[in-house]
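# Descriptive analysis of the structure
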Amino acid sequence: MFGYRLARREKPLPGGQLVAFLVGLTGALIVGAILLIATGFSPIEIYIEMADSAFGSRQAWSSTLTQAVPLGLAGLAVAVAGSMGLWNIGAEGQIIAGAIAGAWVARLGPDLPGPLLIVIMLVAAVVGGGLLALGPALARAHLGVNEIITTLMLNEIAIRMVRYLVNGPWQDPTAVGFPVAPVLPEQAALPVLFNRANIGVLIAAVVLLVFGVFASRSKWGFELRVAGSSAKAAEYIGISLKAKIMTVLILSGSIAGLAGGIRLNSSDRIVEGISEGWGFAGIIVAALALMRPSGVAAVAIAFGALRVGGTAIQTQGVSASISDIIQALVLMGALAAAVFTTYQITRVGSGGQAEDNSAPDVSATGPATIEAGQ
Amino acid sequence: MTAVELEGIWKRFPGVIANAGASLSVRSGTVHAVLGENGAGKTTLMNVLAGVYTADEGSVRLDGVEQRFANPAAAIAAGVGMVYQEFRLIPTFSVAENVALGAAPAIVAKGAIEKQVGELAERFGLATEPGRQVWQLSMGERQRVEILKALWRDAKVLILDEPTAVLTPAEAEELGRITSAMASEGRSIIFISHKLDEVKAFCDEATVLRGGKTVASSLPVDELDPASMAELMVGEATAVSQRRVRTTEVGATALSVTNVTVVDVHGRHVVDDVSLSVGAGEIVGIAGVAGNGQRPLADALAGLTSLRSGTVSVSGTDVSALSPGDRNDAGLAYVPEDRLGVGLAPRMDAVENAMMRNYKTLGSGAFVDRKAAFDQAEGLIDRYQIKVGKIDAPLAGLSGGNLQRLLVGRELDGEPEVLIAAQPTRGLDVQGVAAIQNILVEQAAAGVGILLISEDLEELFALSDRLLVMHEGKIAANFDPDAATRHAVGAAMTGA
């Protein structure tokens, strides 16, 4: 009965987040190098190309930041819910719902002046994302229905909804059978900041900053973290869990919806693949940020760079699968390392011995609580 | 013939000695009661027998053969089964599936298992439907499934940990019939209980534990009477050293509880028409065996559990309809039984835990004034001599005594009119106990009305101005601690 198991650290490893990322990155690059050598490439050249295409120029930075916007907002959506111990797996669907809502508004008022149209479209996207989270929020708060399942299922609804729209009522009559909606009014495009980056980068940066500060410094964020640490402790200090679940899940959906809005206003029309899997990637972003909204931005930029770099090396002849594998390795390495900032491997002896070393609290003592004699 | 023989069992946990040379001898074909107060070491001793813990010292023998169980599976293989207070069943599995889980052939027809489980149940008179899913069953039926699980694995020794705590009286009677059916087959049943009438009705012999030691072994139950049982369980009256000077002048009523009834999810009246009052500067103690309504009463007063009926007032203000937070603002502080998880948030640091009561007033506007929060935590740490290591590290690593000082300190920082302290010294070391008791005494002297809920009679006798006893959700008796004997209080606790 000897073996190893993961045990929660009493306190997270100091500086763990950064160390974890670097360790994971190094491990992944080593494995990736073997793959590249095996397929006839020089790993050093390829890695330099990856870094260069992600960070080497203004153009590179603009691509990286543009990728980081939806990743960061989706990651924030997951992390905001996650700080309270809720899992929003539905960011993908909420991004799409946001884009649908934005596109719908644009169809209603195609002649509005640019700034007004953009603001209305983004607000609609926020509302749309929030609305898609409304059902799961109500079900969780009032009936205790697991939000993981409901938010996950609603992704499918949203994906099919946009497919239906661009194949049916919204299909562009001039696109001769292509499943695309008509182009958006020109003035709906977000103003360009530099190269490919538009003002969406600034919007996302402000949102991430506000939530990062709010979650760690405000009274609201404090309540969120108490509820995430212990639901009973939250009730004990008079926090209404129902109200908190409602606001947090809807807020989470709204943030993802904003990502959909920014994407829509960065492209010329709504299409089936308006979200490139950012909602699911956001779960990884949030996990790497250890569910802390303040850590999301840095992770999102690194993740965005990885995506940009991964795409760029394909132009060097590296196959798409190898590129995907390298990206996945980096994420797996970082995630695995992140686990060790909060957990450590301990060797356990026989059934009885393992219990002896743990503090006598309910969670650690296994099957029965210890009677604390005096 | 002796089926079970535990001898000189020692079991130490960090800061706690749970068993200090305890022994137990059970003859085969009998139902044997194990009695003792909370913290007497009963559950630990049973866990040693069931292979959950390995004893530090001492021997375990089954039918005369020395055993050393490395894990529960080894104990089950040797014929020891245990039914815990919290059932370990899979709600969405059927009765038969739960019974056979982990102890059935790899491939088996569902119908065949149901038939076999049904036959086994019938043999012992356990009324159950093998095909029904567990979530549909009452607590009594679930317990029968647990017993079936043990019988399915052919347990020769069956441990029942406070089996009647979750049962209705009719179900408890039924359980008595089942245990005697099993005993008549030559099996041994160990029956952990606090209730004398049950012990008398269901058991043949009784062993009493106190403070981790066996103080009476294998007494025939016919020789037990309420007085001697209470005395064995709680011990002789000892000279109390730091007995508190009683409050001579009780101030205005600080806490007034009128006809409060609390109903649990199973519809049982866990708190049944309780009325009491605590004056300013008074300590009112509530004694009782665990599970007689103390916890739901405390939670209901603090607002964590809703009242079925009745009112709670703090200094004349009706707070019955208020949230836990608003009750705190109205002057009611609460030190809950679960320090970490209810009173304190384990993954947050000392600063954040210290501000749980007043975070709304720390800093104007939406943000918390970090400096004020930090100073407040430092102040508490200083005043109550809390050893926290790093002030911004999660609390989970702190010792019980430090956690409790932080919790009690924070609750008193808001200068409450009333403090409800539930098991405030349970599990603490000697210094921790003294520190918390001193704080309670000081606060009473400063005019706080304190409701002290404890299972430690020593503590209650030392600190209380008045002593109430809870039994089956009701206030069963009311004592003057200067005049009352431990005997009388112990008897009231066991419902005699």
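Counting restarts for each chain: residues are numbered from 1 in the order of the written sequence. All chains are assigned letters beginning with A, and all ligands numbers beginning with 1, in the order in which they are written. Predicted model: local features are reported for residues with pLDDT of at least 70 only, side-chain atom pairs are reported and counted for 80 or more only, and whole-chain, interface and lining totals are derived from all residues. Calculated side-chain values reflect all of the structure's heavy atoms, with hydrogen atoms and water omitted.

With that settled, consider the sheet that holds strand S10 (residues 213–220) of chain B. All names here are of chain B. Strands sit in the order S6-S7-S8-S3-S9-S10 across an open sheet of six strands; the sheet is mixed. If you trace the sheet from one side to the other, it starts and ends with strand S6 (80–83) and S10, each paired once. Across this sheet, the average inter-strand angle for adjacent strands is 20 degrees, counted without regard to direction. Strand contacts of helix H1 (residues 42–49): strand S3 (31–35), S6, strand S7 (157–160), strand S8 (188–192) and strand S9 (205–210), with the helix running at about 155 degrees to S8, the strand carrying the most contacts. Here, residues are in contact when the closest pair of their heavy atoms is within 4.5 Å. Between the N-to-C directions of two axes lies an angle of 0 to 180 degrees, each axis being a line fitted to C-alpha atoms and, for a helix, fitted only over the stretch in contact. Here a helix means four or more residues in a row that DSSP labels H or I, a strand means two or more in a row labelled E, and each is numbered from the N terminus. Each of S6 and S7 is contacted by helix H5 (residues 139–152), which is oriented at about 170 degrees to S6, the strand it contacts most. Here the rule is simple: two strands pair whenever DSSP picks up at least two bridges between them.

Counting 206 residues, the largest nonpolar core has Leu-255, Leu-276 and Val-489 of chain B as the members making the most contacts within it. With twelve residues, the single largest contributor to this core is helix H3 (residues 58–82) of chain A. Of all hydrophobic cores here, the second largest spans 31 residues; its members include Leu-49, Val-60, Val-80 and Ile-159 of chain B. Residues belong to a common nonpolar core when they are buried Ala, Val, Leu, Ile, Met, Phe, Trp, Tyr or Cys residues joined through side-chain atoms within 4.5 Å. Think of it in three bands: with a 1.4 Å probe and only protein chains considered, a residue is buried below 20% of the maximum accessible area for its type, exposed above 50%, and partly exposed in between.

This brings us to the environment of Gln-143 of chain B. Residue and element names in this part refer to chain B. Inspection of the secondary structure assignment puts Gln-143 in helix H5. Classification of Gln-143 as buried rests on a relative accessible area of 3%. When the C-alpha positions of Gln-143 and Val-83 are compared, they lie 7.8 Å apart, and in sequence the two are 60 residues distant. For Gln-143, the residues in contact, after removing those within four places along its chain, are Val-83, Phe-87, Pro-163, Leu-167 and Leu-175.

Moving on, we get to the packing of H5 of chain B against helix H6 (residues 169–184) of chain B. The description of two packed helices rests on the angle between their axes and on the distance between the axes. Residues and elements named next belong to chain B. Contact pair H5 / H6: the axes reach a minimum separation of 11 Å and the direction vectors enclose 15 degrees. With respect to their mutual orientation, H5 and H6 come out roughly parallel. Crossing geometry of H5 relative to H6 is assigned as right-handed. When H5 is examined against H6, the residues Gly-140, Glu-141, Gln-143, Arg-144, Ile-147 and Leu-151 are found in contact with a partner set consisting of Glu-171, Glu-174, Leu-175, Ile-178 and Met-182. Partitioned by chemical class, the residues of the contact of H5 with H6 number five nonpolar, two polar and four charged. Put simply, angles under 35 degrees are roughly parallel, angles over 145 are roughly antiparallel, angles from 65 to 115 are roughly perpendicular, and the rest are oblique. Crossing handedness is defined as follows: a turn of the near helix away from the far one that is anticlockwise and smaller than a right angle gives a left-handed crossing, while the clockwise case is right-handed. Polar here means any residue other than Ala, Val, Leu, Ile, Met, Phe, Trp, Tyr, Cys and Pro, which are nonpolar, and Asp, Glu, Lys and Arg, which are charged; Gly is therefore polar.

Attention now moves to the pairing of strand S4 (residues 57–62) of chain B. Residues and elements named next belong to chain B. Inspection of the sheet shows strand S1 (residues 2–13) paired to S4 by five bridges, in the antiparallel sense. Within S4, the position partnered with Glu-5 by the bridge is Arg-61. With three bridges joining them, S4 and strand S5 (residues 65–67) adopt antiparallel strand pairing. Within S5, the residue paired with Leu-62 across the bridge is Val-65. In textbook terms, the turn of a hairpin is the stretch between consecutive antiparallel strands, and for S4 and S5 this stretch comprises two residues, one of which, Asp-63, has a positive phi near 50 degrees.

On to the side chain of Arg-339 of chain B, then. Residue and element names in this part refer to chain B. Examined against the element boundaries, Arg-339 turns out to sit in the loop between strand S16 (332–335) and helix H11 (350–354). The side chain of Arg-339 sits in the buried core without any salt bridge; Asp-338 is the nearest counter-charge, 8.2 Å away. Each residue touching Arg-339, except ones within four places of it in the same chain, is listed here: Leu-344, Gly-400, Gln-404, Leu-407, Gln-423, Pro-424, Thr-425, Arg-426 and Leu-428. Within this scheme the basic residues Lys and Arg register as positive and the acidic residues Asp and Glu register as negative, but His and the chain ends are omitted. Put simply, a salt bridge is a Lys or Arg side-chain nitrogen that is within 4 Å of an Asp or Glu carboxyl oxygen.

So, on to the domain arrangement of chain B. Residue and element names in this part refer to chain B. Here the bounds of each domain stem from an automatic or database domain assignment. According to the domain assignment, chain B contains domain 1 (2–224), domain 2 (238–331 + 416–496) and domain 3 (348–415). On a C-alpha basis, the centroid separation for the pair domain 2 and domain 3 is 25 Å. Computed with a 1.4 Å rolling probe, the buried area is the accessible surface lost when two parts are put together, summed over both parts. Interface of domain 2 and domain 3: buried area, both sides summed, is about 1,000 Å²; carbon and sulfur atoms make up 69% of it. The largest per-residue losses of area from domain 2 upon contact with domain 3 belong to Asn-328, Pro-416 and Ile-439, which jointly make up 44% of the total buried on that side. In this structure, the connection of domain 2 to domain 3 is made through zero salt bridges. Under the rule applied, a polar contact is a pair of N or O atoms within 3.5 Å (in protein, one hydrogen donor and one hydrogen acceptor; residues adjacent in sequence only if both atoms are side-chain atoms). Connecting domain 2 to domain 3 are one residue pair in polar contact (both at pLDDT 80 or more).

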